[in-house]
Amino acid sequence: MASGQSFLNTIKNMLKTSIKLFLGVSILSIFIFFTIFGLLFYKVDPKEPKFASLHPPSLENPLGTDILGRDILAQLIYGTAYSLKIGVLAALIASAIGIIVGGVGGYLGGIVDDILTLITNTLLTIPSIALLVVIAAYFRVRSEWIIILIIGITSWPSMARSIRSQVLSLKSRDFIELAKLLGLSKSRILFVEVLPNMLSYIVMYFFLNIAGAIVSEAALSVIGLGPTATISLGILLRWAIAWDSIRCGAWWWFLFPGLAITIISVSLFLINDGLDQLYNPRARG
Amino acid sequence: MNIKNSIEGNNAILKAIDVRGYYKTIRGYVKAVDGCSLTVHEGAIIGLAGESGSGKSTLGKLIIGYSKPPLRFISGRVEVDGISIYNLSWSERRKVWGSLATMIPQYSMNSLNPVIKISDFIVDTLKQHLKDISRKDILEKAIQRFNELQLSPSVLNMYPFELSGGMKQRVVIVASTLLNPSVIVADEPTSALDVSTQRALLELLYKIVKQRIVKSMIIISHDIATLYQISNYFHIMYAGKIVESSSTEELINEPLHPYTKILIGAITTPEPITRKKKLVSVAGAPPNLLNPPTGCRFYHRCPYATEKCKRDEPPLLEVKPGRFVACWLYKNGV
Amino acid sequence: MAEYLLSVEHLSKIFITGGIRRYEKIVAVDDISFGCNRGEIVGLIGESGSGKTTTARLLLKLLKPTSGKIVYGGKDVWTIPDIEYHRYVQGIFQDPYASLNPVYKISHLFNNTFVGLLKTTPKSEREEMIKNSLKLVHLNPEEVLQKHIYELSGGELQRVLLANSLLVNPEVIVADEPTSMIDASMRVEILNIFKDLSRKDRKLIIFITHDIGQAFYMCDRIIVMYKGKIVEQGPAEQIVLDPQHSYTKRLISDVPKLHEKFVIKV
């Protein structure tokens, strides 16, 4: 990250250097635009059962219809928007908790660090899926915010761990010691010297968290523990499976939501990988 | 150019002729070793010296045929005991590593698996090369070798985490001799260890050659004073090329190449002469090997540089029997 | 006889580690005492684990002593506020690449100095001061300030760091293995800069190294450390050519030299 270049130029250079990053960003952008344009222009109600049931893709319904006669393209648009929203919000919560827990523990050390690490490590040993399922099952009605919170609260530990180790390794680095020798205040050191070095990791982990959250939501929804009375990619899949679309040969019903989840996740992983390539070049010096 | 023909024949264990090895990177080829030749005779301990980026470690790898991507062997010829290494396939080379030529990489003491006993490590390693030998025989051989080198065989029953850095390095060195290779290439074998351990390791390496356990050795290091203790011949590398080759005494007492003069002049040892020395500094840094300059690679830092040096690259020529220099100052001999 | 500029009295540093129960004790520095004056280059020699790096950090007030004291200009250094102490005592570390923040350009280092210790310097003078100190270490400001750290060599970076110290113009520079990670051909320039700082500017240089040969070249006095203690100290020539302590004798005899070789029995 060059402080002298403009932000746009930096992004342009990054995309030019890493193919993976470029691919990931492109694919994700396609989905985001697809969602935005869809919401603005494709004025079909995803919940209204007004078309012929189980109709394969046609001019009127480009992605076909489901068993209740609802347009699948409309469902996909709403579902993608919904899943992305949940993904980003849950990732924000997970990241915020992770940064605070990891950062405070790493920076302060001592008994505070010991306690926070204990909590983090204990939560890490519990498989997040199991935790998700148990907590979700506890609620009879699950609003989207409950799902967001549940996913956020169960996925912060791994981020906390990596933030903590980053902070620990930075704390004792010579350039931090030198900054102290040059008379810089603690807060200036934290914000100007330490944080920018961690920004790359925070961003990378953020994208990973989004992917994880989208998949978690899908997983919950597929078993029926997702947000109630809404449409998401996971819920779409659930209906497709529950209504036996595979046996009926209604491939358009389960294929598109499944593909959407997979491709969005892949694009996020590509972004993460691309950023890793950029920030951790192999051959140095 | 740069084909050293004059030291031919008798007991040449290893011959490397005009070896080129480049690293493939996103930005192009880094020409780490760009036309180097050397010969190693029986009983020789060769010091391959240079600073970081000179190509000495790369040359060490290329000499035994270890051209693993991103390192690519581009051209040249390497013969060990008459066998042309680069005519062998990778799997054929793997078979001769250990018994023909072997390498002790830098920091190899850190590559010992801490939870595998030394004896198991040695048995596993040797079994990969000698399929039919029994565990008992391998360990007998190992004990015998340790005793030959006046080292206690009790380490065989220990784990690496119980051993000091120096002991681990000793284990690695002894293990590398078990198949009696013709040449061992040791890359910075004494780095990161305290002074007394370094001395002990140098003595071990010396004994290995003098007791004819291996026929010859190449030691790679940036520390000339260390190499001086046991080497009988030196090659000095700069920016991918060998710039001077000469016997140890002649190199230390009368360095010819301007770079060698600076290198020798910068050595500080705890001897009376150091106190009165005026160390001469040289500005600049070695050239970028992605796009090395035409002409002599030392041109920008050389106090004797001329226009000819900038245009034409000086060949490595024998200016006195056994003394080779790549410098236009000596185009008519010394 | 006269009062020392910087001295250390019965200094000890014990590290306690081991998690919540805190049971492991490491005695890094064990009751050491020495004194240094203006215009001297004092060498602190030791191998790894000798406590020399910990001593450096203690002298720079980056660590608090467990017991004993460090005295500068007659005052206990912990009674002097950091922002004042570091105008007099600065440090150079071993790895130049680690001493600079990789996210920023070289100019950031100098800016930091003006935000911190030299904040009272008028803005109009700052650029000139930076240029002058870079020229003192034979670097061209135009070629260096806008670069990132991996675009410069180790030797150039160490000189940048020295230039930054010179901006502060301290009386004491604590140099912790300043040339160990730098190639031989680029070391000399840095060593000569230190020598000039001592001879011409009468600064006190505390030169920490494991390389006894280099200490012999550089230093007026040498202090030999082993396992946290000082085993011997005195004028450089005396320590190197006529060592008294058995550790010092072994250290010097095991260092490879150019005018005699190890005698190896086969």
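Each remark here, short or long, concerns the structure printed above.
Concerning the overall build of chain C
Assigned secondary structure in chain C consists of 10 helices and 10 strands. Expected size for 266 residues packed as a compact globule is a radius of gyration near 18 Å; at 19 Å, chain C falls within 12% of this value. Judged by the C-alpha coordinates and their principal axes, chain C covers about 60 × 45 × 45 Å. Counting only residues that meet the buried cut, chain C has 58% of its 266 residues in that class. Counting every atom, chain C has about 11,300 Å² of accessible surface; 50% of that belongs to carbon and sulfur. Looking at charge distribution, chain C has the averaged site of its 34 positive side-chain charges lying 4 Å from that of its 32 negative ones.

Remarks on unusual backbone geometry
Omega for the peptide link from Pro69 of chain B to Pro70 of chain B comes to 10°, which places this bond in the cis form. Locating Pro70 of chain B in the fold gives a position in the loop between helix H1 (56–63) and strand E4 (71–80). If you check the backbone angles, Asp31 of chain C has positive phi at about 60° while not being a glycine. Positionally, Asp31 of chain C belongs in strand E2 (residues 24–36). For Asp31 of chain C, a relative accessible area of 42% translates into the label partly exposed.

A closer look at the arrangement of the chains
Sorting the two pairs of chains in contact by contact count puts chains B and C at the top. Without any contact between them, chain A and chain B keep their closest C-alpha atoms 8 Å apart.

A closer look at the interface of chain C and chain B
Taken together, the contact pairs 38 residues of chain C with 43 residues of chain B. Taken together, both faces of the contact between chain C and chain B bury some 3,700 Å²; the carbon and sulfur share is 61%. Between the two partners, chain C and chain B, sit three salt bridges. For Glu237 of chain C, the salt bridge identified is with Arg275 of chain B, shortest N-O distance 3.3 Å. Seen at the junction of chain C and chain B, the total is 19 residue pairs in polar contact (both at pLDDT 80 or more). At the level of secondary structure, the elements contributing two or more residues to the side of chain C that touches chain B comprise helix H7 (184–199), helix H8 (212–218), helix H9 (236–241) and helix H10 (246–254) of chain C. Sort the elements by how many residues they give to the side of chain C that touches chain B and H7 of chain C lands first, with seven residues. Looking at side-chain class alone, the side of chain C that touches chain B contains 19 nonpolar, seven polar and 12 charged residues.

A few points about the interface of chain C and chain A
Chain C puts 31 residues into the contact, and the matching count from chain A is 23 residues. Summing both sides of the interface, chain C and chain A together bury roughly 2,300 Å²; the carbon and sulfur share of this comes to 59%. Inspection of the region where chain C meets chain A yields two salt bridges. As a salt-bridge pair, Arg57 of chain C and Asp174 of chain A come within 3.6 Å of each other at their nearest N and O atoms. The tally of links between chain C and chain A comes to 10 residue pairs in polar contact (both at pLDDT 80 or more). Elements supplying a minimum of two residues to the side of chain C that touches chain A: helix H2 (82–88), strand E6 (89–92), helix H3 (107–115) and helix H6 (154–168) of chain C.

Description of the pattern of salt bridges
Under the definition given, this model contains 35 salt bridges over all chains. Between Arg77 of chain B and Glu79 of chain B there is a salt bridge; the shortest N-O distance is 2.6 Å. Residue classification places Arg77 of chain B among the partly exposed positions, given a relative accessible area of 37%. Note that Asp30 of chain C is salt-bridged to Lys229 of chain C, the shortest N-O span being 3.0 Å. Pair noted here: Asp30 of chain C is in strand E2 and Lys229 of chain C is in strand E10 (residues 229–235), with a separation of 199 residues, a long-range link.

Let's talk about the pairing of strand E9 (residues 221–226) of chain C
Residues and elements named next belong to chain C. Summarising burial for E9: five of the six residues are buried, a large majority. Summarising the sheet, strand E3 (residues 41–45) and E9 pair through four bridges and their orientation is parallel. For Ile45, the partnering residue across the bridge sits in E9 and is Val224. With six bridges joining them, E9 and E10 adopt antiparallel strand pairing. If you follow Tyr226 over to E10, its bridge partner there is Lys229. The turn joining E9 and E10, which pair antiparallel and follow one another in sequence, is formed by two residues; a positive phi near 50° is taken by Lys227.

Basis of the calculations
Residues numbered from 1 in each chain as written. Chains lettered and ligands numbered in written order. Predicted model: local features only at pLDDT ≥ 70, side-chain atom pairs only at ≥ 80, totals over all residues. Heavy atoms only, no water. Helix = DSSP H or I, 4+ residues; strand = E, 2+ residues; numbered from the N terminus. Rg over C-alpha atoms; globule rule 2.2 N^0.38 Å. Buried < 20%, exposed > 50% of the residue type's maximum accessible area, 1.4 Å probe, protein only. Areas by Shrake-Rupley, 256 points an atom, 1.4 Å probe, with all protein chains shown as cover. Lys, Arg positive; Asp, Glu negative; His and termini not counted. Charge placed at Lys NZ, Arg CZ, Asp CG, Glu CD. Contact = heavy atoms within 4.5 Å. Buried area = accessible area lost by both parts, 1.4 Å probe. Salt bridge = Lys/Arg side-chain N within 4 Å of Asp/Glu carboxyl O. Polar contact = N/O pair within 3.5 Å; in protein donor to acceptor, adjacent residues only side chain to side chain. Nonpolar A, V, L, I, M, F, W, Y, C, P; charged D, E, K, R; others polar. Pairing = 2+ DSSP bridges.

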